Amino acid sequence: MGLSREKDIYICNTLKCRPPENRDPLPEEKKACRFYLDEQLRINPELIRLSKELGIEKNVKLLGYRTDIDRILNAVNIFCFPSHREGLPVSVMEAMASGLPVICGRIRGNTDLIDEDGGMLFDPHSVDACRKAIEAVLSKDKKRLGKHNVEKIQAMSVEEINSKMKTFYMEQ
């Protein structure tokens, strides 16, 4: 991607457009999702206007629909997820598995995944709280935070959970 983690700081956020029950989308659903994401960028120029107003437009990239999220996650320093409502956020789990520190809203799902050893939780209704969380994580050892997240998410793998369940039921 041509990014240098050592030279600059890159913060990423992703979203997924998935049908209910997280099933694989049908071809027509994929097409509808792509249109929705592209439309969000087209009809919501507020982010672009704001980045210009703040003089940071060269630092803000709205990448639109992507199929190479793994490459993007491997190119950035921090994952920021300011969502207001989630179940168990796959985007956060992918960022954890990629070895990134995660800054996310203190909401259901995120609180099950992220702790102070892997990033920071903040009030998702407060831009200032998000900014402070980013600044706090930037001052920490990001590699250590990311390593913690990899270890934590590996402990939640299907194999680990199946093993723990088997052990639990064998003891009963």
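Note that this is a predicted model, so its numbers are computed, not measured.

**Details of the packing of aromatic side chains**
Part 1 of the reasoning: Applying the stated criterion across every chain, the model contains two aromatic pairs.
Part 2 of the reasoning: With a centroid separation of 5.9 Å and an interplanar angle of 20°, the aromatic rings of F79 and F81 are classed as stacked.
Part 3 of the reasoning: Relative accessible area serves as the criterion here: at 6%, F81 is assigned to the buried category.
Part 4 of the reasoning: On the basis of an interplanar angle of 80° and a centroid distance of 5.1 Å, the ring pair of F168 and Y169 is categorised as edge-to-face.
Part 5 of the reasoning: Since its relative accessible area comes to 44%, F168 is described here as partly exposed.
Part 6 of the reasoning: Its relative accessible area of 54% is what places Y169 among the exposed residues.

**Things to note about the pairing of strand β3 (residues 102-105)**
Part 1 of the reasoning: The sheet contact formed by strand β2 (residues 78-81) and β3 spans three bridges and is parallel. Note that in β3 the partner of C80 across the bridge is I103.
Part 2 of the reasoning: Chirality of the crossover, the property in question, places the unit of β2, helix α4 (residues 90-97) and β3 among those that are right-handed.

**Some details on the pattern of salt bridges**
Part 1 of the reasoning: Counted by the stated rule, this structure contains six salt bridges.
Part 2 of the reasoning: For D128, the salt bridge goes to R131, with nearest N and O atoms at 2.4 Å. Of this pair, D128 and R131 both sit in helix α6 (residues 127-138), three residues apart, roughly one helical turn.
Part 3 of the reasoning: For D128, a relative accessible area of 35% gives the class partly exposed.
Part 4 of the reasoning: One salt bridge connects K132 with D128, and the closest N-O pair in it is separated by 3.2 Å.

**Regarding the nonpolar core**
Part 1 of the reasoning: Core analysis: the biggest nonpolar cluster contains 15 residues, and F79, V92, M96, V102 and I114 have the highest contact counts within it.
Part 2 of the reasoning: At the level of secondary structure, the elements contributing two or more residues to this core comprise α3 (69-73), β2, α4 and β3.
Part 3 of the reasoning: A per-element tally of this core places α4 first, with three residues.
Part 4 of the reasoning: Excluding its chain neighbours within four sequence positions, the residues that come into contact with M96 are V102, L113, I114, G146, N149, V150, K152 and I153.
Part 5 of the reasoning: Residues I103, I134, V137 and L145 belong to the second largest nonpolar core, which totals nine residues.

Quick notes on the rules
- Residues numbered from 1 in each chain as written.
- Predicted model: local features only at pLDDT ≥ 70, side-chain atom pairs only at ≥ 80, totals over all residues.
- Heavy atoms only, no water.
- Phe/Tyr/Trp six-rings, centres within 6.5 Å; stacked < 30°, edge-to-face > 60°.
- Buried < 20%, exposed > 50% of the residue type's maximum accessible area, 1.4 Å probe, protein only.
- Pairing = 2+ DSSP bridges.
- Helix = DSSP H or I, 4+ residues; strand = E, 2+ residues; numbered from the N terminus.
- Right-handed = clockwise from strand over helix to strand, strands pointing away.
- Salt bridge = Lys/Arg side-chain N within 4 Å of Asp/Glu carboxyl O.
- Core = buried A, V, L, I, M, F, W, Y, C linked by side-chain atoms within 4.5 Å.
- Contact = heavy atoms within 4.5 Å.

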